[in-house]
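The primary structure of each chain is shown beneath.
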Amino acid sequence: MEIKVLGPGCAKCQQTEKAVKDAVAETGVDAQVEKVTDILKIGEYGVFGTPAVVIDGEVKSVGKVPSKEEVKGWLKK
């Protein structure tokens, strides 16, 4: 599973990255978590608000910090 956290590095982006990493650790899912800070690469996903979370190429969240429980739900699908 490939997970990307999109954002320039703001506080909300850092909170989102932590929530994603914590959820992956707690569920034991085999996933690569990558932080994407390049604005052009973020734009390639059609995302115009950050933070955003992309799992296996599918945008799951834009413009808000998802809860750890919300992320866990995405990992189970």
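Q: Honestly, helix H1 (residues 11-27) in this entry has me stumped. Any pointers?
A: For an α-helix, 3.6 residues make a turn, and residues three or four places apart therefore share a direction. Taking 1.5 Å of rise per residue, 17 residues should cover 24 Å, and H1 covers 24 Å from first to last C-alpha, within 8% of that figure. If you check which residues of H1 are buried, you get Cys13, Thr16, Glu17, Ala19, Val20, Ala23 and Val24. What you see down the axis of H1 is that its buried residues fit within an arc of 160°, all on one side. Facing away from the buried side of H1, by more than 90 degrees, are the exposed residues Ala11, Lys18 and Ala25.

Q: Looking at this structure, I do not really get the sheet that holds strand E2 (residues 32-36). What am I missing?
A: Remark on secondary structure: sheet strands pair via backbone hydrogen bonds, oriented parallel or antiparallel. Strand order in the open sheet formed by four strands is E2-E1-E3-E4, with mixed pairing between adjacent strands. Only two strands of the sheet have a single partner each, and these edge strands are E2 and strand E4 (58-62). Direction aside, the axes of adjacent strands within the sheet are offset by 20° on average. Most of the contacts of helix H3 (residues 68-76) go to strand E3 (residues 52-55), to which it runs at about 20°, and overall it touches strand E1 (2-6), E3 and E4.

Q: So what exactly am I meant to see when it comes to the pattern of salt bridges here?
A: Pairs may arise between side chains of opposite charge once their charged atoms sit close together. Overall, the coordinates contain nine salt bridges when judged by the stated rule. With a closest N to O distance of 2.7 Å, Glu34 and Lys4 form a salt bridge. Residue Glu34 is located in strand E2, and its partner Lys4 is located in strand E1; the two are separated by 30 residues in the primary sequence. With a shortest N-O distance of 2.7 Å, Glu26 and Lys68 are connected by a salt bridge. On the criterion of sequence distance, the pair formed by Glu26 in helix H1 and Lys68 in helix H3 is long-range, its members being 42 residues apart. By relative accessible area, which is 46% here, Glu26 ends up partly exposed. Of the residues examined, Lys68 reaches a relative accessible area of 29% and is grouped as partly exposed. Taken together, the shared-partner salt bridges connect Glu26, Lys68, Glu69 and Lys72 into one network.

Q: Any chance you could explain unusual backbone geometry here in plain terms?
A: Peptide bonds are, in most cases, trans, and in most cases residues other than glycine have a negative phi. The amide bond that connects Thr50 to the next residue, Pro51, takes the cis arrangement and shows omega of 5°. Examined against the element boundaries, Pro51 turns out to sit in the loop between helix H2 (39-44) and E3. Although it is not a glycine, Asp56 adopts a positive phi angle of roughly 45°. With respect to the secondary-structure elements, Asp56 resides in the loop between E3 and E4.

Procedures and definitions
Throughout this description, residue numbers start from 1 for each chain and increase along the sequence as written. Residues qualify for local features only when their pLDDT is at least 70, as the model is predicted, and side-chain atom pairs are given and counted only at 80 or more; totals for whole chains, interfaces and linings, by contrast, use all residues. Side-chain measures were taken over the full set of non-hydrogen atoms in the model, leaving aside hydrogen atoms and water. Put simply, DSSP marks the helices as runs of H or I at least four residues long and the strands as runs of E at least two long, and each gets a number from the N terminus on. Given a helix with a known number of residues, its expected span is that number minus one, times 1.5 Å. Partly exposed residues are those whose accessible area sits between 20% and 50% of the maximum for their type, while under 20% is buried and over 50% is exposed, using a 1.4 Å probe and protein chains only. Starting at the helix axis, one direction is taken to each C-beta atom, and the arc is that of these directions. Here a strand pair is declared whenever DSSP counts at least two bridges between the two strands. To define axes, lines are fitted to C-alpha atoms, for helices over the stretch in contact only, and angles between the resulting N-to-C directions are given on a 0 to 180 degree scale. Residue contacts are counted whenever heavy atoms from the two residues lie within 4.5 Å of one another. When a carboxyl oxygen of Asp or Glu lies within 4 Å of a side-chain nitrogen of Lys or Arg, that pair is called a salt bridge.

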